[in-house]
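The residues making up each chain are set out below.
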Amino acid sequence: DASQKCLIPCSARLRCLETTAGSPLLQLPRATGVVRSVGHLQRRAFTTTMATMTMKCSVLLLSLVSFAAVAAAAVPADTTGTQIEHAPGYTFGSKVGGYLKLSTDICDIKTAIGPGDNPNYAEARKIYVDGKNSFKNDGKVRTLRELATKSYAGEPVFDMYADYYGTAAFLDQPISFAFAGDAPYLTVAQRNQTILKGLESNLQVVYLLHELDEGADKIRANKLGAADGAPHNIDETWAIYVGERPDCSLWSVSHKRAKEFGTMLDCNTR
């Protein structure tokens, strides 16, 4: 009975099975073996469907796990009540873990540039523009370029620098020119020095002083809460200064200059 059984060679493309009345039962792709019954086809279809659903569920589960891991990694560590091992003596009173990692972004840029003659400027610029390690307390990424292009007009230090350089883009402009290899930053040495010193010694200093200015404004406004008042700005200032990676923060820069100018003190005894 054609409605119950059929034999189809392995090489044939299975177009349809017809009942004795000639009405099609189903459409299938090329057979991989001898199909002997409609029931067999239904079992295979069911098995294939279940396998596909299982695969999709597995992919979805992995995606959710990955998303959760990324989300967890994006939230900065709570620094409240902690001190920095390489710079003891100051205890944070608020959450500023993201600011500690600005130095880590700078170190990663330094690694991408490298000490040789073939810097990976594309990778280094990606970290500068898109960010990598530093996240805000709401989980959003904080980028070095975001800090370099933000206007702090009205704050004394920012206004002084903007007036001296003749532009409010005095932080980002030389760094971006150096990444692009635009004049006057043409050689590898010129480009590397401008990028790294622009991040380590310029951007971090200006943003640190911005935090102090903002903290002073909050003191005048009697905003003294530990979580978001003037003390929080001081926490942010210290986090930027010491950094998670002291070799790329102002901590190491100040130590180098202190040794050169004879102003090095033992912070644990004086």
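Residues numbered from 1 in each chain as written. Predicted model: local features only at pLDDT ≥ 70, side-chain atom pairs only at ≥ 80, totals over all residues. Heavy atoms only, no water.

If you had to explain the packing of helix α3 (residues 102-113) against helix α8 (residues 188-220) to someone new, which residues and values would you point to?
Where α3 meets α8, the axes come as close as 11 Å, and the angle between the chain directions of the two elements is 170°. The angle between α3 and α8 falls in the class roughly antiparallel. Residues I106, I109, K110 and I113 of α3 pack against N192, I195, L196, L199, E200 and Q204 of α8. Residues belonging to the contact of α3 with α8 are distributed by class as follows: 6 nonpolar, 2 polar and 2 charged. (Axes fitted to C-alpha atoms, helices over the stretch in contact; angles between N-to-C directions. Helix = DSSP H or I, 4+ residues; strand = E, 2+ residues; numbered from the N terminus. Parallel < 35°, antiparallel > 145°, perpendicular 65-115°, else oblique. Contact = heavy atoms within 4.5 Å. Nonpolar A, V, L, I, M, F, W, Y, C, P; charged D, E, K, R; others polar.)

Lay out unusual backbone geometry in plain terms, naming residues and giving numbers.
Each neighbour pair has its own omega, and for A183 with P184 the value is 10°, a cis peptide bond. By the secondary structure assignment, P184 is in the loop between α7 (172-180) and α8.

Outline the nonpolar core, supporting the account with residue identities and numerical values.
Membership of the largest hydrophobic core comes to 42 residues, with the highest contact counts inside it found for I109, Y128, L144, I195 and L199. For this core, the element with the most residues is α8, which contributes 7 residues. Discounting chain neighbours no more than four positions away, the residues touching I195 are I109, I113, Y121, I175, A178 and F179. (Core = buried A, V, L, I, M, F, W, Y, C linked by side-chain atoms within 4.5 Å. Buried < 20%, exposed > 50% of the residue type's maximum accessible area, 1.4 Å probe, protein only.)

Explain the packing of aromatic side chains residue by residue, including any values.
Using the criterion set out here, one finds 14 aromatic pairs in the structure. Here Y161 and Y165 contribute two aromatic rings whose centre-to-centre distance is 6.5 Å and whose plane-to-plane angle is 10°, an arrangement assigned as stacked. Residue Y161 and its partner Y165 are both found in helix α6 (residues 156-165); the two are separated by 4 residues, about one turn of the helix. Under the relative-accessibility criterion, Y161 is labelled partly exposed at 29%. Centroid distance Y164 to Y165: 5.1 Å. Interplanar angle 90°. Geometry classified as edge-to-face. (Phe/Tyr/Trp six-rings, centres within 6.5 Å; stacked < 30°, edge-to-face > 60°.)

How would you sum up the pattern of salt bridges? Please name residues and give values.
Any two side chains of opposite charge can pair, given that their charged atoms come close. Applying the stated criterion across every chain, the model contains 9 salt bridges. K110 is the salt-bridge partner of E200, the closest N and O atoms lying 2.9 Å from each other. Of this pair, E200 sits in helix α8 while K110 sits in helix α3, placing them 90 residues apart in sequence. Between R220 and D217 there is a salt bridge whose closest N-O contact spans 2.5 Å. (Salt bridge = Lys/Arg side-chain N within 4 Å of Asp/Glu carboxyl O.)

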